[in-house]
Amino acid sequence: MGKQDLYARLRAEYPLFVYEGYEALPLAASSVDSVHVRYRFVVYDAGGKEAFVFRPEWRIPARSFYAAEAVPADLWRNLLFQLGMAELVSYWKATASPVVEIHCPAGVRMDEEAVAFWKKLYFNGLGEYFYLNGLHEVTQAGFMTIRVRAAADNPSFGAEDPAASAAQAVSTAVEMPLSPRVIVPIGGGKDSVVTWEVLAHTQADGADGLLPLILNPRGATLACCAAGGKTEEGIAVLNRRLDPLLLELNAKGFLNGHTPFSALLAFATLLIAAMSGRRYIALSNESSANESTVPGSKVNHQYSKSFEFEADFRRYVAAYVSPSFYYFSFLRPLSELAIARIFSDLKVYHAVFKSCNVGSKRDVWCGHCAKCLFAYIIFSPFLPQSELERIFGRNLLADASMLPLLQELDGETPVKPFECVGTVAEVNWALRRLRPLADTSAPGAYPLLDAYFASEAAQRPVSDAVWRGLFEPHALPPEFLAGLKTYLQAAHIFD
């Protein structure tokens, strides 16, 4: 049942959400944390009183490769503000307040074009939230009004200039000198490992010139970095702390759902780029992320991993933050299948990588979710079943209870799983490669394969074109594209 009535009631009870500002401790190399930022978001009730105050925090542990003092003060203030803009939607979703008021620090430009960027990101990034909550009548024009108030020079909580106009004064993006070296966010799964290894083999200074970045480190992310030759002191770390009040509201039945997490990470990586003096931020989002989760709609669990967001983000950063940074997805020309094929040769990572969201807190493959089943299927054409069983802990193709998930992945049901999974065509291509396994095994040994080959999905045409070759659009700089092509050829990936 939809939650349209709850949505309407909450918006009436809590009509205003305010991003009041942030406070940041000074950078100090001798401190335990080189950066500590606390944001302040306030929800006001219909009577104009504070109903909820959220104070999420970010910490960046000190590292020898940071030179934060080299970051221009105006740019630093702007970077912290922009991260708060990305963070706020995680808290807004609880009450879906119709008006969002932004208090800008001095020198930060928030004009109509900037507001349009944020409204598009919030709306499309919340597509799954609206869909699963049954909020089908919500529109991009009407779900939120963003109101901008210029703040005084002091960016502390609630500091405002009473004489300031409603629109912030125009400022220009700040340039800073950066090296052409690369930051690689590491998520603990196959994709970022492939980006790391390809760049390590094709960049002039190899892995030594790459900087791994981890948000909220866990076993798999640290183990993947170690397998790639990086110790903890050589890793840029971001620690994000949710305000516990949000979890309390979730438990009380306030609105909840998926938010554009990768957009939040995108703005966070700019802090590390500035502090470490690096121009390039190489994400690991593939071409498959562009496919909508709900066919024929803009509802995409991976919207903030899509090329559309990537391009919007790059334009926004160049215009409103700094043209010195260059954020792109190194794997954008590749399909999930091509990435799985590359990863199948990277044996040193097979025992340590994990990309199961259900099992992430325990750092395991849960073995029962759509993400686990997708990964198992996508690797199956390239790895023997015995090795897959060692990785995942069991043979997922032998579990008949996972048939509903298979039907979501292969297109038998109208909606894909709300997970970071590949395209329907890729899943079907991988399953077709398993026909000999189904035909030569004992009857009933692989009930998922038996069900699949008896289904209509198995009769639909699918060709090698779903994964062989390089796809457009992408935004790889020429030297990075040349390196990727060299690696693919040397490793015989498409042979």
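Conventions we followed
- Residues numbered from 1 in each chain as written.
- Predicted model: local features only at pLDDT ≥ 70, side-chain atom pairs only at ≥ 80, totals over all residues.
- Heavy atoms only, no water.
- pLDDT = per-residue confidence, 0-100.
- Contact = heavy atoms within 4.5 Å.
- Helix = DSSP H or I, 4+ residues; strand = E, 2+ residues; numbered from the N terminus.
- Expected span 1.5 Å × (residues − 1).
- Buried < 20%, exposed > 50% of the residue type's maximum accessible area, 1.4 Å probe, protein only.
- Core = buried A, V, L, I, M, F, W, Y, C linked by side-chain atoms within 4.5 Å.
- Phe/Tyr/Trp six-rings, centres within 6.5 Å; stacked < 30°, edge-to-face > 60°.
- Lys NZ or Arg CZ within 6 Å of the ring centre and 35° of its normal.
- Disulfide = S-S within 2.5 Å.
- Pairing = 2+ DSSP bridges.
- Polar contact = N/O pair within 3.5 Å; in protein donor to acceptor, adjacent residues only side chain to side chain.

Considering the confidence of the model for the chain
Right, on to step 1. Mean pLDDT over the chain stands at 93; residues scoring 70 or higher make up 94%.
Right, on to step 2. Contacts of residues 153-170 to residues separated by more than four positions or lying in other chains number 43 contacts, the stretch itself having pLDDT below 50.

Things to note about helix α5 (residues 190-202)
Right, on to step 1. Taking 1.5 Å as the rise per residue, α5 with 13 residues should run 18 Å; its terminal C-alpha atoms sit 18 Å apart, in good agreement.
Right, on to step 2. For α5, the buried fraction is high: eleven of the 13 residues fall into the buried class.
Right, on to step 3. Every buried residue of α5 is listed here: Lys190, Asp191, Ser192, Val193, Val194, Thr195, Trp196, Glu197, Val198, Leu199 and Ala200.

Describing the nonpolar core
Right, on to step 1. Leu88, Trp92, Met110, Trp118 and Phe325 are the most contacted members of the largest nonpolar core, which totals 90 residues.
Right, on to step 2. Residues within four places of Leu88 in sequence aside, it is in contact with Phe17, Tyr19, Phe41, Val100, Ile102 and Tyr122.
Right, on to step 3. In terms of nonpolar packing, the next biggest core, distinct from the first, is built from 78 residues, Cys224, Tyr280, Ile339 and Phe392 among them.

Focus on the packing of aromatic side chains
Right, on to step 1. Counted by the stated rule, this structure contains 47 aromatic pairs.
Right, on to step 2. Seen in terms of ring centroids, Phe117 and Trp118 are 5.1 Å apart; in terms of plane orientation they differ by 80°. Their pairing is edge-to-face.
Right, on to step 3. On the basis of relative accessible area, Phe117 is assigned to the buried category, the value being 10%.
Right, on to step 4. Three or more aromatic residues joined by ring pairs make a cluster, and in this case those are Phe117, Trp118, Tyr122, Phe267, Tyr303, Phe309, Phe313, Tyr316, Tyr320 and Tyr327.
Right, on to step 5. Against the face of Trp429 rests Arg433, its NZ or CZ located 4.4 Å from the ring centre.
Right, on to step 6. We note Arg435 situated over the ring of Phe453; from NZ or CZ to the ring centre the distance is 4.4 Å.

Re unusual backbone geometry
Right, on to step 1. Of note, the bond from Glu472 into Pro473 is cis; its omega dihedral lies within 30 degrees of zero at -5°.
Right, on to step 2. As for its position among the elements, Pro473 is in the loop between α16 (447-453) and α17 (478-490).
Right, on to step 3. Positive phi values are uncommon outside glycine, yet Asp363 reaches one of about 60°.
Right, on to step 4. Tracing the backbone shows Asp363 in the loop between α10 (336-344) and α11 (370-379).

As for the state of the cysteines
One covalent bond between the sulfur atoms of two cysteine residues makes up a disulfide.
Right, on to step 1. One pass over the full model with this rule turns up zero disulfides.
Right, on to step 2. Of all cysteine sulfurs in the structure, the one in Cys225 sits closest to Cys224, which takes part in no disulfide; the separation is 7.2 Å.
Right, on to step 3. A disulfide-free cysteine, Cys369 has its sulfur positioned 3.7 Å from the sulfur of Cys366, the nearest such atom.

So, the pairing of strand β11 (residues 326-329)
Right, on to step 1. Burial along β11 is two-sided: the residues Tyr326 and Phe328 and Tyr327 and Ser329 are all buried.
Right, on to step 2. Bridging between strand β10 (residues 278-283) and β11 involves four bridges; their strand directions are parallel. Pairing of Ala282 across the sheet is with Phe328, part of β11.

Regarding the side chain of Ser306
Right, on to step 1. With respect to the helices, strands and loops of the structure, Ser306 is situated in the loop between β10 and α9 (307-320).
Right, on to step 2. In this structure the side chain of Ser306 is engaged in a polar contact, spanning 2.6 Å, whose partner is the backbone oxygen of Tyr303.
Right, on to step 3. Non-local contacts of Ser306, meaning those with residues more than four positions away in its chain, are made with Ala289, Asn290, Asn300 and Arg332.

Considering the side chain of Arg109
Right, on to step 1. Within the secondary structure layout, Arg109 lies in the loop between β5 (99-104) and α3 (112-125).
Right, on to step 2. A relative accessible area of 17% means that Arg109 is categorised as buried.
Right, on to step 3. Of the polar contacts made by the side chain of Arg109, one reaches the side chain of Asp111; its length is 3.0 Å.
Right, on to step 4. In terms of polar contacts, Arg109 uses its side chain to reach the backbone carbonyl oxygen of Ala319, at 2.8 Å.

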